[in-house]
Amino acid sequence: MDILIFISYILLLCYGVSKFAGNKRHRWINAGYVTAFLLPVIVFFLGIRIVGALTGDGIAGGVAGFGYAIVTCVIGFIFLFIGYTSKNVRSD
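Each chain has its residues counted from 1, following the order in which its sequence is written. Given that this is a predicted model, residues contribute local features only at a pLDDT of at least 70 and side-chain atom pairs are listed and counted only at 80 or more, while totals for whole chains, interfaces and linings are drawn from all residues. Side-chain calculation: all heavy atoms of the structure are included, whereas hydrogens and water are not.

Enquirer: Is there a simple way to explain the overall build of the protein in this structure?
Expert: Each helix corresponds to a stretch of at least 4 residues labelled H or I by DSSP, and each strand to a stretch of at least 2 residues labelled E; elements are numbered beginning at the N terminus. Looking only at helices and strands, the protein features 3 helices and 0 strands. Only protein chains enter the accessibility calculation, which uses a 1.4 Å probe; a residue whose area is less than 20% of its type maximum is buried, one above 50% is exposed, and one in between is partly exposed. By the burial criterion, 27% of the 92 residues in the protein qualify as buried. Restricting to contacts in the protein with at least 6 residues of sequence separation, those with at least 24 account for 73%. When the accessible surface of the protein is summed, it comes to about 6200 Å², and 74% of that surface belongs to carbon and sulfur atoms. Only heavy atoms matter for contacts: two residues are in contact if any of them lie within 4.5 Å across the pair. Every accessible area reported is derived by Shrake-Rupley at a probe size of 1.4 Å, with residue values counting cover from the shown protein chains alone.

Given below as structure tokens:
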């Protein structure tokens, strides 16, 4: 069950950013910075709080939160790569 939540989280994040950014280079870069540096901290602490409260085990919450945070950070760097290597020269 957790793997379905994990995959749906990744898909929703990628879909949301791609719909938000579209063809604009600066939006991809901004989304990449937010996803790589801001969201992992929030996701980590939310994972600790939610999983820790549901299972009663802080270590499981820490591992789950850390896993989600690492994936969020990697996806953010992918968004940055897309933003910096896009051919769109006109960034509004």
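Enquirer: In this structure, what is going on with the packing of aromatic side chains? I would like to understand it.
Expert: Each aromatic ring pair is described using two quantities: the centre-to-centre distance and the angle formed by the ring planes. Under the pairing criterion, centres of Phe, Tyr and Trp rings, with the six-membered ring standing for Trp, must be within 6.5 Å; the plane angle then separates stacked pairs below 30 degrees from edge-to-face pairs above 60, leaving the rest tilted. Scanning all chains against the criterion turns up 6 aromatic pairs. Aromatic pair F37 and F77: ring centres 5.7 Å apart, planes at 85 degrees, arrangement edge-to-face. With F37 in helix α2 (residues 25-55) and F77 in helix α3 (residues 58-85), this residue pair connects regions lying 40 residues apart in the sequence. Given a relative accessible area of 40%, F77 falls into the partly exposed group. An aromatic cluster of at least three residues, connected via ring pairs, comprises F6, Y9 and Y68. Between R27 and the ring centre of F20, over which it is positioned, the NZ or CZ distance is 5.2 Å. Comment: the charge-over-ring label is applied if NZ (Lys) or CZ (Arg) is within 6 Å of the ring centre and within 35 degrees of the ring normal.

Enquirer: I would appreciate a short explanation of α2 in the present structure.
Expert: One turn of the α-helix equals 3.6 residues, which is why residues spaced by three or four share an orientation. A helix's residues, less one, multiplied by 1.5 Å, set its expected span. For α2, which comprises 31 residues, the first-to-last C-alpha distance of 42 Å matches the rise-based estimate of 45 Å (1.5 Å per residue) to within 8%. Buried within α2 are the following residues: W28, I29, A31, G32, T35, A36, P40, V43, G47 and G52. Looking at the buried positions of α2, the neighbouring elements they touch are α1 (2-21) and α3.

Enquirer: I would appreciate a short explanation of α1 in the present structure.
Expert: Here α1 spans 28 Å end to end across 20 residues, near enough to the 28 Å set by a 1.5 Å rise per residue. Where α1 is concerned, the buried positions are L13, V17 and A21. Around the axis of α1, the buried residues are gathered within 40 degrees of arc, so they sit on the same side. For α1, the exposed residues set more than 90 degrees away from the buried face come down to L4, L11, L12, Y15 and K19. Check the buried side of α1 and you find it contacts α2 and α3. What the arc describes is the spread of directions from the helix axis to the C-beta atoms.

Enquirer: For this particular structure, what's the right way to read the layout of surface pockets?
Expert: Where empty space is left can be seen by rolling a probe of water-molecule size over the atoms. Taken as a whole, the largest pocket holds about 300 Å³ of empty space. Two kinds of site are reported from a 1 Å grid over the protein atoms alone, namely cavities, where a 1.4 Å probe fits but cannot get out, and pockets, open sets with protein on both sides within 12 Å along at least five of seven lines, and residues are called lining when an atom falls within 4 Å of a point. Lining the largest pocket we find D2, I5, Y9, I42, V43, L46, G47, I50, V51, A64, G65 and Y68. Taken together, the elements giving at least two residues each to the lining of the largest pocket come down to α1, α2 and α3. A total of 6 residues in the lining of the largest pocket trace back to one element, the largest contributor, which is α2. Grid points are joined across faces, edges and corners, and a volume is the space filled by probe spheres set on the points.

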